[in-house]
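Fold and contact review
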Amino acid sequence: DTELRALMDIKSSLDPQNKVLKSWKNNGDPCSGSFVGVACNEHRKIANISLQGRNLAGKLSPAIGDLKCLSGIYLHYNSISGEIPKEIGKLNQLTDLYLNVNNFSGVVFPEISHMTNLQVLDLCCNSLTGKIPEQLGSLNKLSVLSLQYNLLNGSIPSSLGNLNMLKRLDLSYNRLSGPIPATIANIQPLQHLDVQNNSLSGAIPTSLKRLDAGFSYGNNTSLCGSGFRALRICTSFDNANVDVNTPRPFGSITKNHTTPAHDEPQNSNLQTDCTPPTCSKPKKIPQIFIVVAVITGSVTLATAGFLAFLRYRRQKQKIGSMVEASESRLSTDHTNEVHSKNASPLVSLAYSTGWDPLADGLNNSEDLCQLALQNFRYNLEEVESATQYFSEANLLGRGNFSTVYKGVLRDGSVVAIKSINVSSCQSEEAEFVRGLNLLVSLRHENLVGLRGFCCSRGRGECFFIYDFAPKGNLLKYLDVSDDSNLALDWSTRVNIIKGIAKGLCYLHEETANKPSLVHQNISAEKIVIDNQFNPLILDSGLRKILADDTIFSALKMSAAMGYLAPEYITTGRFTKKSDVYAFGVIVLHIISGKQQLTNAMRSAAESCKLEDFVDHNIAEKFSTAEASKLVRLGLSCTHELPDERPNMEAVLQELNRRNSGS
Ligand SMILES: Nc1ncnc2c1ncn2[C@@H]1O[C@H](COP(=O)(O)OP(=O)(O)OP(=O)(O)O)[C@@H](O)[C@H]1O
């Protein structure tokens with residue numbers, strides 16, 4: 001079929017050596033869940049391609065334009081080169097386009113503006129040249145436009161002022177010249193505008209003052225304006241300049257450029273190709289059995305405000321060199337004031353506390369908190385030697401904002417070392433240090449033990465060193481065949497459920513020594529198993545040191561796996577009850593032994609048909625009474641309404657009651 005052919009085409013150009021996309025098979029079914037990074041909608045049309053951070057080094061094929069029901073393309077943090085194909089413009093259902101942090105070159109084709117449903121366009125950190133097409137001004141659903149760190153020149157099109165849903169606009173680190181169009185200042189929802197490090201000139205529209213700290217304009221050759229810090233007052237020459245470049249009324253630009261005659265047949269074709277029900281979005285979000293594409297799309301809607309502007313910062317190797325490049329550029333080209341404004345607070349933290357080996361001897365901190373943290377400090381050398389210089393052979397997992405390696409410390413103990421890019425961390429130094437203090441203070445038998453950390457300015461990364469849990473994560477024990485030896489027996493399953501409940505209860509409770517914490521990212525991958533088959537929760541408290549937007553990528557994953565509480569879609573907030581929901585999903589996973597819970601399974605659970613729900617691998621070797629109570633617990637924890645879910649304390653009481661009764 002056309003979609004499969006298109007996928008094969010995309011595969012051969014994106015991954016010519018067939019290293020990453022082996023699972024995309026000519027005779028396979030892309031909607032079976034077996035094609036890595038591919039998710040379909042309810043009509044079995046491809047809705048999402050999520051291949052971020054996969055080391056893809058080929059090109060993006062024009063065949064992408066044949067996947068007409070795509071709503072999200074996530075190809076960021078790869079090394080994809082060549083042009084962004086014009087054909088991408090045919091995707092008029094697309095809401096998210098993430099091509100940031102790659103090696104794309106060539107121009108931004110005006111055809112991109114045909115994607116009329118686009119909400120996030122992130123092309124940051126590539127080598128794109130030429131002008132920003134005026135036609136982008138017709139993408140009127142756009143809430144995030146990120147074009148920073150490219151080689152774009154020419155002026156900022158005033159048509160961007162038509163983007164009346166835009167919240168974030170980042171054009172920094174390009175070669176743009178001319179004035180900042182006054183039209184941009186009129187975009188009501190705009191909260192962040194970054195144009196720093198360009199060659200802009202003329203008067204800054206005064207109304208941009210309302211953005212306050214959300215407006216960054218440093219390092220532009222001849223900008224002027226009154227009431228903006230570190231800017232000179234405009235002269236009559238500047239004002240004349242502005243007049244010359246005063247944007248045309250944007251209505252006319254929109255008319256001329258956004259709906260050129262040749263677009264219409266193309267777009268209307270797409271409409272007919274893709275008319276509902278083929279591409280329709282589900283009206284209702286089911287509870288835990290959720291289509292990946294639908295939920296990721298919905299989550300995007302609910303959280304678009306905080307999702308994208310910092311995404312470019314979240315790469316591993318590239319970002320380090322980029323930070324350094326921008327630092328050196330700033331220190332040679334620009335004033336100290338700008339330098340200190342742009343340097344990451346965390347970088348200075350690394351200096352001031354001497355965490356970085358390069359900065360040893362500079363430790364002049366008198367802050368008691370920070371001194372207490374010194375006990376947990378490791379140096380980079382130890383981290384490097386433990387992981388054999390971050391050898392791929394020691395790689396345990398690579399997530400959206402972090403990478404985990406297995407390592408052996410000098411004393412012979414085995415550890416898991418989680419590396420997080422500095423740019424994914426809280427940028428406020430005080431907040432970060434507070435988060436660190438909390439992190440090291442958490443202690444519980446069901447939380448994986450944190451031994452220490454190391455923040456390296458040189459690598460632009462922070463490392464967290466944890467005890468290693470040798471039996472792997474919970475996923476390893478789901479969907480296993482009965483001859484694999486991995487099927488857990490009943491009492492182990494109950495013990496694991498109870499342990500997770502204890503760990504979560506500890507996190508949720510507030511004591512004199514710790515605040516109440518919401519984990520926010522509970523899933524089977526975040527539960528590792530120790531030698532005694534006790535469960536240990538990963539990443540507890542980590543949220544406190546991460547930048548606000550960092551959680552978002554993890555969120556999409558948990559949404560995809562069904563761990564995300566339904567109310568998140570409307571509230572955009574994590575609560576203890578959303579942790580309870582994820583816990584409930586895990587309970588159902590453990591009892592059923594399955595990672596994917598089908599509707600049929602849910603009905604079986606609801607009607608207490610245990611024989612259809614409990615993992616066949618344990619045959620009859622389980623207590624029926626206990627199993628039906630646990631299934632009921634799983635169902636009540638995953639109740640659609642948060643108020644109807646029990647809190648973790650009640651869950652634990654129920655589990656203990658069961659134990660004493662059995
Ligand atoms: N302390 C540990 N002991 C044993 N294995 C671990 C430990 N920490 C992590 N792992 C393994 O590494 C995998 C990846 O860890 P984790 O999910 O925390 O990081 P990640 O892949 O970088 O994802 P994320 O972006 O969600 O943090 C885990 O699922 C687990 O299998």
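Residues numbered from 1 in each chain as written. Predicted model: local features only at pLDDT ≥ 70, side-chain atom pairs only at ≥ 80, totals over all residues.

What follows is about the overall build of the protein. Scanning the protein from terminus to terminus reveals 20 helices and 22 strands. Expressed as a percentage of the 662 residues in the protein, the buried residues total 47%. Long-range contacts, defined as pairs at least 24 residues apart, comprise 61% of the intrachain contacts of the protein with a sequence gap of at least 6. (Helix = DSSP H or I, 4+ residues; strand = E, 2+ residues; numbered from the N terminus. Buried ≥ 20, exposed ≤ 12 C-beta atoms within 10 Å, placed from the backbone. Contact = placed C-beta atoms within 7 Å.)

What follows is about the nonpolar core. Counting residues in hydrophobic clusters, the biggest one holds 81 residues, and the most contacted among them are Phe 453, Ile 497, Ile 500, Ala 501, Phe 583, Val 587 and Ile 591. Residue contributions to this core peak at 10 residues, all from helix α16 (residues 576–592). Apart from the residues lying within four places of it in its own chain, the contact partners of Phe 583 are Ile 500, Ala 501, Leu 504, Ile 522 and Cys 637. (Core = buried A, V, L, I, M, F, W, Y, C linked by C-beta atoms within 7 Å.)

We now examine the sheet that holds strand β18 (residues 414–421). Taking strand neighbours across the sheet as the criterion, the 5 strands line up as β16-β17-β18-β20-β19 in an open arrangement whose pairing is antiparallel. Each edge of the open sheet carries a strand with a single partner, namely β16 (395–398) and β19 (450–456). The average undirected angle you get between the axes of adjacent strands in this sheet is 20°. (Pairing = 2+ DSSP bridges. Axes fitted to C-alpha atoms, helices over the stretch in contact; angles between N-to-C directions.)

Before going further, it helps to examine the pairing of strand β13 (residues 199–203). Consecutive residues of a regular strand have side chains that alternate between opposite faces of the sheet. As paired elements, strand β11 (residues 177–178) and β13 share 2 bridges and run parallel to each other. Each residue of the ladder has a partner; that of Gly 178, found in β13, is Leu 200.

Two pairing modes exist for strands in a sheet, parallel and antiparallel, and in both the strands are linked by backbone hydrogen bonds. If you walk across this open sheet you meet the 3 strands as β4-β6-β8, and the pairing is parallel. Two strands close off the open sheet at either side, each with one partner strand: β4 (81–82) and β8 (127–129). As paired elements, β4 and strand β6 (residues 103–107) share 2 bridges and run parallel to each other. Within β6, the residue paired with Gly 82 across the bridge is Phe 104.

Let us now look at the confidence of the model for the protein. Summary statistics for the protein give a mean pLDDT of 77 and a share of 76% for residues scoring 70 or more. This stretch, residues 240–369, has a pLDDT under 50; its non-local contacts, to residues over four places away or in other chains, come to 240 contacts. This complex was scored by the predictor with a pTM of 0.52 and an ipTM of 0.98. (pLDDT = per-residue confidence, 0-100.)

A separate point is the site of the ligand. Around the ligand, 22 residues are found, and the nearest of them are Leu 396, Gly 397, Gly 399, Ala 416 and Asn 473. In the shell around the ligand, the residues fall into 11 nonpolar, 7 polar and 4 charged. (Near = placed C-beta within 6 Å. Nonpolar A, V, L, I, M, F, W, Y, C, P; charged D, E, K, R; others polar.)

Turning to α16, a few remarks are in order. Between its first and last C-alpha atoms α16 spans 24 Å; for 17 residues at 1.5 Å apiece the expected length is 24 Å, and the two agree. Count one or two residues on from α16 and you reach Gly 593, which has phi positive near 75°. (Expected span 1.5 Å × (residues − 1).)

Attention shifts here to the packing of α16 against helix α19 (residues 624–637). Direction vectors running N to C along α16 and α19 enclose 145°, while the axes themselves pass 7 Å from each other. Relative to α19, α16 is oriented so that their crossing is left-handed. Between α16 and α19, the contacting residues are Val 580, Tyr 581, Phe 583, Gly 584, Val 587, Leu 588 and Ile 591 on the first element and Ala 627, Leu 630, Val 631, Leu 633, Gly 634 and Cys 637 on the second. Tallied by class, residues from the contact of α16 with α19 come to 11 nonpolar, 2 polar and no charged. (Left-handed = near helix turned anticlockwise from the far one by under 90°.)

The topology assignment puts Arg 493 in helix α13 (residues 490–508). Along the primary structure Arg 493 and Val 587 are separated by 94 residues, whereas in three dimensions their C-alpha atoms are 8.9 Å apart. If we skip the residues at most four places from it in the chain, Arg 493 touches Leu 488, Ile 590 and Ile 591.

For the pair α13 and α16, the least separation of the axes is 10 Å and the interaxial angle reads 170°. As far as their axial angle goes, α16 and α13 are roughly antiparallel. Taken together, the residues of α16 that come into contact with α13 (itself represented by Arg 493, Ile 496, Ile 497, Ile 500, Ala 501, Leu 504 and His 508) are Lys 576, Asp 579, Phe 583, Ile 586, Val 587, Ile 590 and Ile 591. Across the contact of α13 with α16, the residue classes break down as 10 nonpolar, 1 polar and 3 charged. (Parallel < 35°, antiparallel > 145°, perpendicular 65-115°, else oblique.)

Let's shift gears to the pairing of strand β2 (residues 46–50). Buried residues dominate β2, accounting for 5 of its 5 residues. Judged from the 3 bridges that link them, strand β1 (residues 38–40) and β2 form a sheet pairing that is antiparallel. Counterpart to Cys 40 in the pairing with β2 is Ile 46. Judged from the 3 bridges that link them, β2 and strand β3 (residues 72–74) form a sheet pairing that is parallel. What sits directly across from Ile 49, in β3, is Ile 73.

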